[in-house]
Structure formats: C-alpha cells, structure tokens
Amino acid sequence: MIAFDQLPALARKLRPEWENATPFSHVVIDNFLPKEQAERASQGFESTTDGWVFHNHYNERKYCHSKKAHMSPAILELFSDLESPQWVKFLEEISGIKV
C-alpha cells in the first residue's frame with residue numbers, strides 16, 4: 001500500500017518542481033510504491049491474460065484492459081490506491097488542479 005501518511009510532505013516538496021518544470025509542468029515520483037507492491041503488481045500484470053483489447057489507430061497502437069473481474073488481486077490493490085481520495089488529493093496539491 002502507498003504510504004499515504006507521507007504524501008502531504010512529498011506534495012510540498014514536489015509542488016515547486018511541478019511549477020518550474022519545462023517544457024511543460026510535470027514531476028517524477030520515484031519509489032512511490034513500496035518495492036513489494038510494485039513487484040506484486042508487475043507479476044499480476046504479467047499473469048493477466050484475458051480481457052486485453054488492441055487499439056490500432058494512426059496515432060496509437062496499444063493494448064488496454066478495463067475488465068476488473070479478469071485482473072489479479074495485486075493490480076486491483078494498486079488501482080484501489082491510485083483511485084483513492086488520498087492519492088487524488090496528493091496530485092491536486094502538487095498540480096493545483098482540482099478534480
């Protein structure tokens with residue numbers, strides 16, 4: 001699980017980076033996932049075989065997956081963290097963009 005208690009301090013540190021980044025606003029958030037969760041998510045991604053859809057368009061070629069019933073528990077845990085109010089608030093504090 002993401003260390004949500006550490007996000008407010010990290011957001012304060014990253015906000016100036018966001019504001020001063022060029023050529024557009026961005027930040028790089030190293031190690032925001034605990035190593036074990038990142039490894040489980042990677043393994044869960046590799047083990048998800050059903051439900052992929054290929055999009056072939058002039059400006060993109062990609063696979064996507066939106067059927068949570070076919071996803072591994074590790075991927076669902078990651079999605080839960082990234083969809084959480086705490087993570088959204090963290091991104092809002094960095095960017096100043098309210099969702």
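Overview of the structure. (Residues numbered from 1 in each chain as written. Predicted model: local features only at pLDDT ≥ 70, side-chain atom pairs only at ≥ 80, totals over all residues. Heavy atoms only, no water.)

**As for the overall build of the chain**
Here is step 1: Along the backbone of the chain there are four helices and two strands.
Here is step 2: Helices and strands in the chain line up, N terminus first, as α-α-β-β-α-α.
Here is step 3: Taken across its 99 residues, the chain has 26% of its residues classed as buried.
Here is step 4: Put simply, the chain has 11 plus and 14 minus side-chain charges, and the middle of one group is 4 Å from the middle of the other. (Helix = DSSP H or I, 4+ residues; strand = E, 2+ residues; numbered from the N terminus. Buried < 20%, exposed > 50% of the residue type's maximum accessible area, 1.4 Å probe, protein only. Lys, Arg positive; Asp, Glu negative; His and termini not counted. Charge placed at Lys NZ, Arg CZ, Asp CG, Glu CD.)

**A closer look at the environment of Arg61**
Here is step 1: You can see Arg61 is positioned in strand 2 (residues 60-64).
Here is step 2: Through-space distance from the C-alpha of Arg61 to that of Lys13 is 35 Å; in sequence the pair is 48 residues apart.
Here is step 3: When sequence neighbours within four positions are dropped, the list of residues in contact with Arg61 reads Phe54, His55 and Asn56.
Here is step 4: Here the side chain of Arg61 touches Asn56 through a polar contact of 2.8 Å, side chain to side chain. (Contact = heavy atoms within 4.5 Å. Polar contact = N/O pair within 3.5 Å; in protein donor to acceptor, adjacent residues only side chain to side chain.)

**Some points on the packing of helix 1 (residues 7-20) against helix 4 (residues 85-95)**
Here is step 1: Axis separation between helix 1 and helix 4 bottoms out at 7 Å; the angle between their running directions is 35°. Every pair of crossing elements has a handedness; the one defined by helix 1 and helix 4 is right-handed. Residues Leu7, Pro8, Leu10, Ala11, Leu14, Arg15 and Trp18 of helix 1 lie in contact with helix 4, whose contacting residues are Gln86, Trp87, Phe90, Glu92, Glu93, Ile94 and Ser95.
Here is step 2: Within the contact of helix 1 with helix 4, the residues separate by chemical class into nine nonpolar, two polar and three charged. (Axes fitted to C-alpha atoms, helices over the stretch in contact; angles between N-to-C directions. Left-handed = near helix turned anticlockwise from the far one by under 90°. Nonpolar A, V, L, I, M, F, W, Y, C, P; charged D, E, K, R; others polar.)

**With respect to a nonpolar patch on the surface**
Here is step 1: Taken together, the side chains of Phe45, Trp52, Phe54 and Tyr63 define a hydrophobic patch exposed on the protein surface, amounting to about 450 Å² of accessible area.
Here is step 2: Along the chain, the position of Phe54 falls in strand 1 (residues 53-57). (Patch = residues over 30% accessible without salt bridge, like charges linked within 9 Å, V, L, I, M, F, W, Y side chains within 5 Å. Areas by Shrake-Rupley, 256 points an atom, 1.4 Å probe, with all protein chains shown as cover. Salt bridge = Lys/Arg side-chain N within 4 Å of Asp/Glu carboxyl O.)

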